[in-house]
Amino acid sequence: MKNLFKKKAQSKNKEQYSARFLVNRFPSGRNGKVVYIRPEYHERLLRIVQLSREEKTTLYAYIDNILEHHFKEHGDDITAYFNERFKPIL
């Protein structure tokens with residue numbers, strides 16, 4: 001019974017991950033900027049996106065979704081970090 005609950009939880013997590021990150025809200029990634037990604041991360045990201053081709057997720061959309069989630073989760077921490085280090089002169 002415990003394994004069944006664990007499998008259901010894992011399945012739900014996979015669905016939540018897919019709904020959060022493997023969604024393409026952009027018709028084209030051509031309006032963005034070019035950034036360097038380590039080759040091992042780039043390969044990993046491409047493999048994930050290629051596996052989700054049914055949803056037609058692009059690498060651009062996947063990275064954008066990851067960054068959006070990061071800033072939502074850590075926005076207050078980022079702001080506090082910045083404010084601690086860059087106090088106004090006056």
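Here is what the cut-offs are and how they apply
Residues numbered from 1 in each chain as written. Predicted model: local features only at pLDDT ≥ 70, side-chain atom pairs only at ≥ 80, totals over all residues. Heavy atoms only, no water. Helix = DSSP H or I, 4+ residues; strand = E, 2+ residues; numbered from the N terminus. Contact = heavy atoms within 4.5 Å. Areas by Shrake-Rupley, 256 points an atom, 1.4 Å probe, with all protein chains shown as cover. Salt bridge = Lys/Arg side-chain N within 4 Å of Asp/Glu carboxyl O. Buried < 20%, exposed > 50% of the residue type's maximum accessible area, 1.4 Å probe, protein only.

What am I meant to see in the overall build of the chain here?
The secondary structure content of the chain amounts to three helices and zero strands. Its helices and strands taken in sequence order, the chain reads α-α-α from the N to the C terminus. Within the chain, contacts between residues at least 6 apart in sequence are counted, and of these 70% link residues at least 24 apart. Accessible surface computed for the chain: about 8400 Å², of which carbon and sulfur atoms make up 57%.

What is the right way to read the pattern of salt bridges from this model?
Between side chains of opposite charge, a pair can form as their charged atoms come close. In this structure the tally under the stated criterion is three salt bridges. Ionic pairing is found between R38 and E40, a salt bridge with its closest N-O pair at 3.7 Å. A salt bridge links K72 to E68; the nearest nitrogen and oxygen atoms lie 3.9 Å apart. Placement of the pair is K72 and E68 together in helix α3 (residues 59-85), with a separation of four residues, close to one helical turn. A residue is classified by how much of its surface remains accessible, and K72, at 64% relative accessible area, is exposed. Residue E68 is classed as partly exposed on the basis of its relative accessible area, which comes to 30%.

Any functional reading would require information that these geometric values do not contain.
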